[in-house]
Every structure is written in C-alpha cells, then in structure tokens.
Amino acid sequence: MVKDLSVFLGDLRLDNPLIPASGTFGFGMEFLPYFDLDILGSLSFKGTTLAPREGNPVPRIADCPAGMLNSVGLQNPGAEHVLTQEIPALKKHFHKPIIANVSGFSVTDYVEAVRILSAEEQIALFEINISCPNVHGGGMAFGTDPAAAAEVTRAVKKATDKPVYMKLSPNVTDIVSIARACEDAGADGLSLINTLLGMRIDPLRRRPVLANKVGGYSGPGIFPVALRMVWQVTGQVRIPVIGMGGISSARDVIEMLMAGASAVQIGAAGLRDPLVFPRILADLPDVMEEYGIQALRDIQRVE
Ligand code: SIN
C-alpha cells in the first residue's frame, strides 16, 4: 500500500519530514549535482547573521569515530546578500518551503536579520539559532539561559509574521526549562539539538586539533542524546519540535518521530554522503511497512 510521508509543522504541510540541517547544506547549490532538491520536505540554510562573517581560523573540522567536530564560526555572506543573491539562486531549483536559520550576537542583530529576510515569500519559517557553540559573545550564550532565550524569542516574534522556531543547545543541564521559556515567550516551535561541545587533541603536536580549541560534535554518536532530549522536551511543551542530531537512516527518522518530533533535520550524514537524502526517502515506505505505519503524521509519541 502507498505510504503517506507528509507531516505538519503547525499549519505548514511538508511533503515529507526530511530537512537538511543548517550549516551542512550551504544554500543548496553544492548539492545540485547529486539529486533533485525538490525531493526534500524543506531545507534549513546556513546560519545567517546581519553582517557577513568569515568564520573561525582553520583547522575548523576534525574527524571523530562516530561523527565530526566543527568550529566554523558562522561563516556566511550576511542577511542582505542571502536575500538578494543566495535565495534567488536557490529558488530556481527548489520550490518547497525554506527555513531561514538566523544567528546573532545581540538581540538587535537577530531582529534586524529577521526583518531583512522576512521580505522573502518562500521563507516559511524562521529557525533562530541560540545554540552555536563556536562564537563568543552571542550564539550559545542566549540558549543556555531561560531569560535570555525568552528575550530573543519575544523580540523576533515582534519582528516577523512568520512562525518562529528556536534552535536549542544540548550544552545545558536542563533543556526543558529553556524550551518552556521559549514557548512561554511565544515561540511557534523548537528545533533541537545543536551540536555537543567537544574537543580533540593532536598528540604529536601536543595541541588541540581545532584552531578554536573546542567545537561542536555531530554525527551518529549523538543520536541517542538527541533522541532523549527531543523526547523530554516534547513531553513538556505543546508546540511542534523539529528533531535532529545524528540521524542517518529511515529507522532513525521513525525513532525521532516516535520521540515526539514533527519533522527531522539531517546534517553530518549528508556531509559524509549527500545521497543519504534520496536513500532515506526510498527506504522509508519499507521501514514504515515493517513497523505497521501507514502515515508518518499519525505516529504517536511513545510514553
Ligand atoms: C558554526 O557555524 O559554527 C556552526 C553553527 C552552529 O553550530 O550553530
């Protein structure tokens, strides 16, 4: 029997739950040689700041047995350039809802970037990154304190009519309190998790592998942590959650939806093998059949 892969993020219907995660898909163009972008449910573009940024010094990627470390430092061409150059190029090839991932170093930064990008019709929702572990004086600082997370949420909500999803950090003792603060401040949804703060050392040189010394760990190794956090948060909030962190198979997608997520993002797996997106899409109907699932959106959160 034909399976129904469609899911909903609030009122927004996606043809399927697969969304490339911000920072692992650029603005889509590098993936054009591999597959038709329109097979995706949506895509979350590279974290965009008000002003252009060159990012952190290299090396800023380190390999790990079950994933990778990055300390990119929010390299991006700035909100105005994204609006006038990157999105028009992407729109020629991608006709699905776009998720605009926005980062900032102050509340005003977030608000101004969101105001600029709100002009683009194809942007269906904002994903506000308050969880970047690779920059100082912003990023994760907003996502590790409930009051600061709420302040950014309230300010961004006032700046746009589009739905606002807050992207949360796992580098906290109680992610539920941050999630609740965002919901109470008016967030329409949440995205979680961002990367786990990690480190590698080069024993020969006796120094950290990354120029920034520490970075964000992502990949299959973090999947159980992400699943646990999504499950904890979805048990305590009423707004939709986009689940991410180490997803690399159709079974992982099903598990994440069973943890209460409404859609999923895939990051590190797509960097290792861009064809993971068409592969998971092709595998999903059989895996759904195996678990007796007819429609993805009917999956209930496990207790
Ligand atoms: C980066 O650009 O440093 C990654 C973004 C993030 O982890 O939020």
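Above this note sits the structure.
Below, the structure is looked at part by part.

How each quantity is defined
- Counting from 1, residues in each chain are numbered in the order their sequence is written.
- Restriction of local features to residues with pLDDT of at least 70 applies here, the model being predicted, together with a cutoff of 80 or more for giving and counting side-chain atom pairs; totals for whole chains, interfaces and linings are based on all residues.
- Excluding hydrogens and water, the side-chain figures rest on all heavy atoms present in the structure.
- Working definition: helices are DSSP H or I runs of at least four residues, strands are E runs of at least two. Numbering for both runs from the N terminus.
- Radius of gyration: C-alpha atoms only; globule rule: 2.2 Å multiplied by the number of residues to the exponent 0.38.
- Only protein chains enter the area calculation, which uses a 1.4 Å probe; residues under 20% of their type maximum are buried, those over 50% are exposed, and those in between are partly exposed.
- Should any heavy atoms of two residues lie within 4.5 Å, those residues are considered in contact.
- Per-residue accessibility takes into account occlusion by the displayed protein chains alone, with areas from the Shrake-Rupley method and a 1.4 Å probe.
- The convention is simple: Lys and Arg are positive, Asp and Glu are negative, and His and the chain ends are not counted.
- Charge coordinates come from a single atom per side chain, which is NZ of Lys, CZ of Arg, CG of Asp or CD of Glu.
- Definition of nonpolar core: a set of buried residues of the types Ala, Val, Leu, Ile, Met, Phe, Trp, Tyr and Cys, connected through side-chain atoms within 4.5 Å.

The subject of this paragraph is the overall build of the chain. Looking only at helices and strands, one finds 8 helices and 16 strands in the chain. Taken over C-alpha atoms, the radius of gyration comes to 18 Å for the chain, in line with the 19 Å a tight globule of 303 residues would show. Dimensions of the chain along its principal axes, counting C-alpha atoms only, are 55 × 50 × 40 Å. Scored against the burial criterion, the 303 residues of the chain give a buried share of 57%. A fraction of 72% describes how many contacts in the chain between residues 6 or more apart in sequence connect residues 24 or more apart. Total accessible area on the chain is roughly 12,800 Å²; 53% of this is exposed by carbon and sulfur atoms. In the chain, 27 positive and 32 negative side-chain charges are present, and the distance between their average locations comes to 6 Å.

Summarising the element assignment, Ala263 is placed in strand β16 (residues 263-266). Put simply, Ala263 and Ser6 are 257 residues apart on the chain and 9.4 Å apart in space, counted from C-alpha to C-alpha.

With that settled, the discussion passes to the nonpolar core. As a rule of thumb, nonpolar side chains are buried together in soluble globular proteins. Ranked by size, the top nonpolar core spans 90 residues in total, and within it Ile128 and Leu190 carry the most contacts. For this core, the element with the most residues is helix α8 (residues 276-290), which contributes 7 residues. Once you skip the residues sitting within four places of it in the chain, Leu190 turns out to touch Tyr165, Met166, Leu168, Ala179, Cys182, Val233, Val237, Ile239, Pro240, Val241 and Ile242.

That's the geometry; what it means functionally is another story.
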